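Here's the letter readout for the chains.
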Amino acid sequence: MTSRADLLRLRRLAHAIDGDREASPADVARRMLAVQAQDFAAGSWALGLRTTGSTRSDVLADLDAGRIVRSWPMRGTLHFVPPEDLRWMLGVTTGRMIAGLTARHKQLELDTPDFARARDLITEALAGGGRIGRAELMELWEANGIATAGQRGYHLIYYLAQTGLICWGPTLRTQQALVLLDEWAPHSRDLEPDEAWGEFLLRYLRGHGPATVKDFVWWTKGTVAGAKTARAVLGDAITTLEVDGVEYLLTSELADRAAGLAETRGEREAVQLLPAFDEYLLGYQQRDLVLDDDHFQRIVPGGNGVFQPILVARGRVVGTWRRSAVEIESFAPLTAGQQRAAERAAAAYRRFAD
């Protein structure tokens, strides 16, 4: 049996928002396996805050060097991922994701010849180290008779990324350029299906644990059968704990490390300014451990799926903040120690963004 407070401390240690940080944004991507990045700026801060002091320029440098790539490895959501891991992740998730889009493709009148023609055109344009922005790609396709309006262009890009042809690579203006995955990230880990499931669960737990099987299935948009296979493959590499009658999985490494690591005063008083869509909140199906139902509307105004940046203290969401002026709005008054910690967190974000 473990308390909720202990569980949340373990999560903060796994997320590297308390305890030891990583040296670089690329190291964070390897630790987390996948970091939500549909909001580019928010995803960049999610990487930066988990390091010992990286700036936005450091994140962009890792993207430009191909040490991090951005794609849709699962759930139809953009994530930052390590380049060597993207292909085996797609090997686990692509079949189900593409099958789930059959009806939408029919509505958009996208069929096999459209995807094949789009594939040929972008391959020809990018072969030999080329790169292209989204707007330029739409123009290329339109000029060659492929209509891109009404989300057709988005679904063409998504399909070609999901099937491993392209990914978002080096920075271009305020976003990224598309590149051929085989050229931009030629080295990849080759995992057998069962081994891939095991790696998926292990890496999820290293950066997110403790978490439930349901959390993992939701995060990957995978299957319970796949989760069972993963547990069998991992064996003693993972262990369990129970909170309020619910079983949570975590790595044995984290359990052993935390067992001999006393909580510090700094951890007790720490306040984190986490970005919108941060994995600490969105990396789980069940979020009531960290967010009260009464505050949900303040995090997702109107229930429109757009999450606000969050203020976290002792593992709980206690407010929101704005990136533009780093304005903090807590749900209840902070203690003097928490207020000082929030000011330090705000200063860290300003250093990152400058």
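In this report, we go over the structure that sits alongside the text. Note that this is a predicted model, so its numbers are computed, not measured.

**Some points on helix H9 (residues 152–162)**
1) Next: Most of H9 sits out of view: 9 of its 11 residues are buried.
2) Next: Taken together, the buried positions of H9 are Arg-152, Gly-153, His-155, Leu-156, Ile-157, Tyr-158, Leu-160, Ala-161 and Gln-162.
3) Next: Positioned one or two residues after H9, Gly-164 has a phi angle of 85 degrees, which is positive.

**Some words on empty space enclosed by the protein**
1) Next: A complete count under the given rule lists 1 cavity of 30 Å³ or more for this structure.
2) Next: Quantified by volume, the largest cavity comes out at close to 30 Å³.
3) Next: Around the largest cavity sit Val-92, Thr-93, Arg-96, Met-97, Trp-197, Thr-220, Lys-221 and Gly-222, which together line it.
4) Next: Among the elements that make up the lining of the largest cavity, the one with the highest residue count is helix H5 (residues 86–99) (4 residues).

**Quick look at the packing of helix H2 (residues 25–32) against helix H11 (residues 193–208)**
1) Next: Running from amino to carboxyl end, H2 crosses H11 at an angle of 120 degrees, the nearest separation of the two axes being 7 Å. The angle between the axes of H2 and H11 places the two elements in the oblique class. Only Arg-203, Arg-206, Gly-207 and His-208 of H11 make contact with H2, whose side of the interface consists of Arg-30, Arg-31 and Met-32.
2) Next: Classifying every residue of the contact of H2 with H11 by side-chain character gives 1 nonpolar, 2 polar and 4 charged.

**Some remarks on the pattern of salt bridges**
1) Next: Counted by the stated rule, this structure contains 18 salt bridges.
2) Next: Among the salt bridges present, the one from Arg-173 reaches Glu-136, with a minimum N-O distance of 3.3 Å. Within this pair, whereas Arg-173 is found in the loop between strand S4 (166–172) and strand S5 (175–180), its partner Glu-136 is found in helix H8 (residues 134–143), the two being separated by 37 residues in sequence.
3) Next: Classification of Glu-136 by relative accessible area gives partly exposed; the value is 31%.

**What about the packing of aromatic side chains?**
1) Next: In total, this model carries 18 aromatic pairs according to the counting rule given.
2) Next: Taking the centre distance of 5.3 Å and the plane angle of 85 degrees together, the rings of Trp-88 and Phe-200 count as edge-to-face. One end of the pair, Trp-88, is in helix H5; the other, Phe-200, is in helix H11, and 112 residues separate them in sequence.
3) Next: Residue Trp-88 is classed as buried on the basis of its relative accessible area, which comes to 5%.
4) Next: Chaining the aromatic ring pairs together yields one cluster made of Trp-88, Trp-197, Phe-200, Tyr-204, Phe-216, Trp-219 and Tyr-284.
5) Next: When the ring centre of Tyr-284 is taken as reference, the NZ or CZ atom of Arg-11 above it lies at 3.7 Å.
6) Next: One cation-aromatic arrangement involves Arg-75 over Trp-218; the distance from NZ or CZ to the ring centre is 4.4 Å.

The rules behind these values
- Residues numbered from 1 in each chain as written.
- Predicted model: local features only at pLDDT ≥ 70, side-chain atom pairs only at ≥ 80, totals over all residues.
- Heavy atoms only, no water.
- Buried < 20%, exposed > 50% of the residue type's maximum accessible area, 1.4 Å probe, protein only.
- Helix = DSSP H or I, 4+ residues; strand = E, 2+ residues; numbered from the N terminus.
- 1 Å grid on protein atoms, 1.4 Å probe; cavity = no way out; pocket = protein on both sides within 12 Å on 5 of 7 lines; lining within 4 Å.
- Points joined across faces, edges and corners; volume = space filled by probe spheres on them.
- Axes fitted to C-alpha atoms, helices over the stretch in contact; angles between N-to-C directions.
- Parallel < 35°, antiparallel > 145°, perpendicular 65-115°, else oblique.
- Contact = heavy atoms within 4.5 Å.
- Nonpolar A, V, L, I, M, F, W, Y, C, P; charged D, E, K, R; others polar.
- Salt bridge = Lys/Arg side-chain N within 4 Å of Asp/Glu carboxyl O.
- Phe/Tyr/Trp six-rings, centres within 6.5 Å; stacked < 30°, edge-to-face > 60°.
- Lys NZ or Arg CZ within 6 Å of the ring centre and 35° of its normal.

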